[in-house]
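Here is how the chains run, residue by residue.
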Amino acid sequence: MTTMFADTILIVFISVCTALLAEGITWVLVYRTAKYKSLKAEVEKQSKKLEKKKETITESAGRQQKKKIERQEEKLKNNNRDLSMVRMKSMFAIGFYFTALMGMFNSIFDGRVVAKLPFVPLSYIQGLSHRNLLGEDFTDCSFIFLYILCTMSIRQNIQKMLGLAPSRAATKQAGGFLGPPPQAAKFS
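Nothing here was measured: the structure is a model prediction, and the numbers come from that model.

Engineer: How would you explain the overall build of the protein if you had to name every residue and give the values?
Structural biologist: Of regular secondary structure, the protein possesses six helices and two strands. Ordered by position from N to C terminus, the α and β elements of the protein give α-α-α-β-α-β-α-α. The proportion of buried residues among the 188 residues of the protein is 36%. Residue pairs in contact within the protein that sit at least 24 positions apart in sequence constitute 69% of those at least 6 positions apart. Accessible surface, the protein as shown: approximately 12,300 Å² in total, 64% of it carbon and sulfur.

Engineer: Tell me what's going on with the pattern of salt bridges, and back it up with residues and numbers.
Structural biologist: Counted under the stated rule, the structure contains six salt bridges. The salt bridge involving aspartate 82 is made with arginine 81; its shortest N-O contact spans 3.6 Å. Classification of arginine 81 by relative accessible area gives partly exposed; the value is 47%. Salt bridges here are not isolated pairs; linked through shared partners, they connect Lys116, Asp137 and Asp140.

Engineer: Describe the nonpolar core, and please don't skip the residues or the numbers.
Structural biologist: Generally speaking, nonpolar side chains in soluble globular proteins are found buried as a group. Ranked by size, the top nonpolar core spans 23 residues in total, and within it Ile11, Phe98, Phe109, Cys141, Phe143, Leu146 and Tyr147 carry the most contacts. For this core, the elements supplying multiple residues, two or more each, are helix 1 (2-31), helix 3 (63-108) and helix 5 (143-162). With eight residues, the top contributor of residues to this core is helix 5. Apart from residues no more than four positions distant in its own chain, phenylalanine 143 is found in contact with Ile11, Met102, Phe105, Asn106, Phe109 and Val114. Counting residues in hydrophobic clusters, the runner-up holds 12 residues, among them Tyr31, Leu39, Leu50 and Leu164.

Engineer: Please give an account of the packing of helix 1 against helix 5 that cites residues and values.
Structural biologist: At a minimum axis separation of 8 Å, helix 1 and helix 5 run at an interaxial angle of 45 degrees. On the basis of the axis angle, helix 1 is oblique to helix 5. Between helix 1 and helix 5 lies a crossing of right-handed hand. Considering only residue class, the contact of helix 1 with helix 5 consists of 15 nonpolar, six polar and two charged.

Engineer: With reference to specific residues and values, describe the UniProt feature "transmembrane region" (unreviewed entry) in the protein.
Structural biologist: The positions that UniProt labels "transmembrane region" (unreviewed entry) are, in the present scheme, residues 6-30 and 91-109. Across residues 6-30, helical content stands at 100% and strand content at 0%; the span's end C-alpha atoms are separated by 35 Å. Secondary structure over residues 91-109 splits into 95% helix and 0% strand, and the C-alpha atoms at its two ends are 26 Å apart.

Engineer: Tell me about helix 3, residues and numbers included.
Structural biologist: A rise of 1.5 Å per residue sets the reference length of helix 3, with its 46 residues, at 68 Å; its end C-alpha atoms lie 63 Å apart and thus fit the reference within 8%. Where helix 3 bends most, the angle comes to about 35 degrees, and this point is methionine 88.

Engineer: Just give me the short version of unusual backbone geometry, but keep the residues and values in it.
Structural biologist: Despite not being glycine, asparagine 132 shows a phi value in the positive range, around 60 degrees. Structurally, the position occupied by asparagine 132 is in the loop between helix 4 (123-129) and strand 2 (140-141). Residue asparagine 132 is classed as partly exposed on the basis of its relative accessible area of 47%.

Rules behind the numbers
- Residues numbered from 1 in each chain as written.
- Predicted model: local features only at pLDDT ≥ 70, side-chain atom pairs only at ≥ 80, totals over all residues.
- Heavy atoms only, no water.
- Helix = DSSP H or I, 4+ residues; strand = E, 2+ residues; numbered from the N terminus.
- Buried < 20%, exposed > 50% of the residue type's maximum accessible area, 1.4 Å probe, protein only.
- Contact = heavy atoms within 4.5 Å.
- Areas by Shrake-Rupley, 256 points an atom, 1.4 Å probe, with all protein chains shown as cover.
- Salt bridge = Lys/Arg side-chain N within 4 Å of Asp/Glu carboxyl O.
- Core = buried A, V, L, I, M, F, W, Y, C linked by side-chain atoms within 4.5 Å.
- Axes fitted to C-alpha atoms, helices over the stretch in contact; angles between N-to-C directions.
- Parallel < 35°, antiparallel > 145°, perpendicular 65-115°, else oblique.
- Left-handed = near helix turned anticlockwise from the far one by under 90°.
- Nonpolar A, V, L, I, M, F, W, Y, C, P; charged D, E, K, R; others polar.
- UniProt positions renumbered as here; feature names shortened; annotations may be inferred.
- Expected span 1.5 Å × (residues − 1).
- Bend = angle between axes of the 7 residues up to and from the residue.

Here's what the structure looks like:
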């Protein structure tokens, strides 16, 4: 049990270190560049401007106002796309770096139970949570599952602490997988 606890703490530490290193690489390749800073400022400005216009518009607004808002939304979408393209080079570098580290860590923790889950994971997640582990106890947790969970939560918090996370206004306007749906249909 003590080795399992030590492995869990080690994996959380590894996750923090890799998240810090990934943010460092991203800062060097992206965040400190003038192009990124100008695009980010433009997206922030457009998001706030668009949000104010949407708050002041009424249902009986004219076609001119609706067209202006649609143009601003399109411009914001284009700037968000450009911002994503600027971030792309760091994503490739981080992907290469994580792939190399994954191979090393998988060989170190291969076949070792690093944590005990308080639940039995869903069947389609069991392949990941029980990866390379012997036995049929699906509450046993493999390295890869714990590492992914830690990295997902820790990296976002590190981005927020360092002030590198996108603003709420920009995220709200951009939408996304877990974000609110775009409100463009509201004016149709």
